[in-house]
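A look at the structure
Spelled out from the first residue to the last, the chains are:
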Amino acid sequence: MTAVLTRRPGLAKIRSCGSPLHLVCLGLVALVVAAALLAPWVVPHDPNAVDLGDALAGPSAEHPLGVDAAGRDTLSRLLLGARTSLLGPLGVVVFATLAGVAVGTAAAWRGGWLDSVLSRSTELVFAFPGLLLAILIISVYGEGLLAPVIALAVAYLPYVSRLTRSLVLAERERPYVSAYLVQGHSALQICLRHVLPNIAPVVLAQATINFGYALMDLAGLSFLGLGVPPLTPDWGRMVFDGQTAVQHGYPLSAVLPCVLIVLTVVAFNVVGERWADRVARRTP
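Description of the structure in this document. These numbers come from a predicted model, not from an experiment.

Here the focus is the state of the cysteines. All told, the structure shown has 0 disulfides when counted by the stated rule. As a non-bridged cysteine, Cys258 has Cys25 as the owner of its nearest cysteine sulfur, 19 Å distant.

Structural data, given as structure tokens:
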């Protein structure tokens, strides 16, 4: 008598979702995004309320994570800082992805002199460090989130452009493209309806990885005092403001945003790389 082995569909579905590390990182990404969206309604205190008499106080029932050197609640600034810390990288990724996809698609589809001009232009951007470009723009336009976002988006554009160009070149050799051209469809119709949807998973996976790098770069600029204004809650700015507390033996207000930056960057990179690997395995 032969035993019949059955596989539980629930277990198979869990295994298909990915490794435990991927699931943990996916949960962390969801938690950080939820904190950024809900922060204005869940913060326990005003993040900019200054109380010098309570400066550098440790964790308590009223302030679970303590306060910084200005007496501001650390938990409230971490929660509200998630919004600013994620909004900047989102702007970098959206602009760089849209512009990079447009440039890469045009270069691959048209070829010839246009491909040469666009490819050489993106190579020139590669030679200019993104952080240095951001510092130069900030020195001209002053503090704020817009200037470093634009500068880093320009610096990230060549990566998306080169990836898109190679993907579109591969898609253009497929039979369905020739069939649509014979039927009289325009290049714009074929790219928008068929080519770009086919390469979208790979481009989005790269965008997820770029998001983590952009978060780290913007946090570095804020730490240097070149990002958001001083009163704006931001993880990088909190590390900058927490230097005084560290010197006095109260590192919590500076260590916690550092930990959040590292964990968030790692989580986004793991999720993006996992997505890219799954797309690569499914692509014939």
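Of all the bends in helix α2 (residues 20–42), the greatest, near 45°, is centred on Ala36, and the proline Pro40 appears no more than four residues after it. For α2, the set of buried residues is His22, Cys25, Val29, Val32, Ala36 and Ala39.

Turning to the packing of helix α3 (residues 74–110) against helix α4 (residues 112–126), a few remarks are in order. When two helices pack together, you describe them by how their axes are tilted relative to each other and by the distance separating the axes. In the contact formed by α3 and α4, the axes pass within 7 Å of each other and the chain directions differ by 145°. As for how α3 packs across α4, the hand of that crossing is left-handed. Facing Val103, Ala106, Ala107 and Arg110 of α3, the residues of α4 in contact are Gly112, Leu114, Asp115, Leu118 and Thr122. Classifying every residue of the contact of α3 with α4 gives 5 nonpolar, 2 polar and 2 charged.

In this section: the side chain of Asp217. Within the fold, Asp217 resides in helix α8 (residues 187–223). For the buried Asp217, which has no salt bridge, the nearest side chain bearing the opposite charge is Arg162, at an N-O separation of 17 Å. In this structure the side chain of Asp217 is engaged in a polar contact, spanning 2.6 Å, whose partner is the side chain of Tyr156. Not counting chain neighbours up to four residues away, the residues in contact with Asp217 comprise Leu131, Leu152 and Tyr156.

With that settled, consider the nonpolar core. Soluble globular proteins tend to pack their nonpolar side chains together in the buried interior. Grouped together as the largest cluster of nonpolar side chains are 20 residues, with contacts concentrated most on Cys25, Val29, Leu86, Phe211, Leu215, Trp235 and Ile261. Elements that contribute at least two residues to this core include exactly α2, α3, α8, α9 (235–241) and α11 (252–282). Residues within four places of Cys25 in sequence aside, it is in contact with Ala267, Val270 and Val271. In this structure, Val92, Ala151, Leu218 and Leu221 belong to the second largest nonpolar core, which totals 15 residues.

As a further point, take a nonpolar patch on the surface. A cluster of nonpolar side chains, contributed by Val33, Leu37, Leu38, Trp41 and Val42, occupies part of the molecular surface with about 540 Å² of accessible area. Residue placement: Leu38 occurs in helix α2.

This paragraph deals with the layout of surface pockets. The volume enclosed by the largest pocket comes to roughly 250 Å³. Around the largest pocket, the lining residues are Val33, Ala36, Leu37, Arg83, Leu86, Leu87, Leu90, Val93, Ala207, Thr208, Phe211 and Phe268. Of all the elements in the fold, those that place two or more residues in the lining of the largest pocket are α2, α3 and α8. Here the lining of the largest pocket gets 5 residues from one element, more than from any other, and that element is α3. Here the lining of the largest pocket is built from residues that sort into 10 nonpolar, 1 polar and 1 charged.

Time to look at the pattern of salt bridges. Counting across every chain of the model gives 4 salt bridges. Here Arg72 and Asp241 are joined by a salt bridge, their closest N and O atoms 3.6 Å apart. With Arg72 in the loop between α2 and α3 and Asp241 in helix α9, this residue pair connects regions lying 169 residues apart in the sequence. For Arg72, a relative accessible area of 9% translates into the label buried. According to the relative accessible area criterion, Asp241 is partly exposed, its value standing at 23%. Here the salt bridges share partners, and the residues they tie into one network are Asp68, Arg72, Arg237 and Asp241.

Scoring rules and cut-offs
In every chain, residue numbers begin from 1 and rise along the written sequence. Residues qualify for local features only when their pLDDT is at least 70, as the model is predicted, and side-chain atom pairs are given and counted only at 80 or more; totals for whole chains, interfaces and linings, by contrast, use all residues. Excluded from the side-chain calculation are hydrogens and water; included are all heavy atoms of the structure. Disulfides are defined in this document as cysteine sulfur pairs within 2.5 Å. The bend at a residue is defined as the angle formed between two axes, one fitted to the seven residues ending at that residue and one fitted to the seven starting there. Strands here are runs of E lasting at least two residues and helices are runs of H or I lasting at least four, both read from the DSSP assignment and numbered beginning at the N terminus. With a 1.4 Å probe rolled over the protein chains alone, any residue whose accessible area is under 20% of its type maximum counts as buried; one over 50% counts as exposed, and the rest are partly exposed. Fitting a line to C-alpha atoms yields each axis, with helices limited to the stretch in contact; the angle taken between N-to-C directions then spans 0 to 180 degrees. A crossing counts as left-handed when the near helix is turned anticlockwise from the far one by less than a right angle, and as right-handed when that turn is clockwise. Working rule for contacts: check all heavy atoms of both residues, and any pair within 4.5 Å makes them a contact. When residues are sorted by character, Ala, Val, Leu, Ile, Met, Phe, Trp, Tyr, Cys and Pro go into the nonpolar class, Asp, Glu, Lys and Arg into the charged class, and all the rest, Gly among them, into the polar class. His is not counted, nor are the chain ends, whereas Lys and Arg count as positive and Asp and Glu as negative. A side-chain nitrogen of Lys or Arg and a carboxyl oxygen of Asp or Glu constitute a salt bridge if their distance falls within 4 Å. In the analysis that follows, any N or O atom pair within 3.5 Å is treated as a polar contact, provided that within protein one partner can donate a hydrogen and the other can accept it, and provided that, for residues neighboring in sequence, both atoms belong to side chains. We define a nonpolar core as any set of buried Ala, Val, Leu, Ile, Met, Phe, Trp, Tyr and Cys residues linked to one another through side-chain atoms lying within 4.5 Å. Residues enter patches when they are more than 30% accessible in relative terms and free of salt bridges; like-charged ones are connected within 9 Å and nonpolar ones (Val, Leu, Ile, Met, Phe, Trp, Tyr) within 5 Å. All accessible areas in this document rest on Shrake-Rupley with a 1.4 Å probe, and a residue is counted as covered only by the protein chains that are shown. Every definition here rests on a 1 Å grid over the protein atoms only: cavities are sets of points where a 1.4 Å probe fits but cannot get out, pockets are open sets enclosed by protein on both sides within 12 Å along at least five of seven lines, and lining residues have some atom within 4 Å of a point. Grid points are joined across faces, edges and corners, and a volume is the space filled by probe spheres set on the points.

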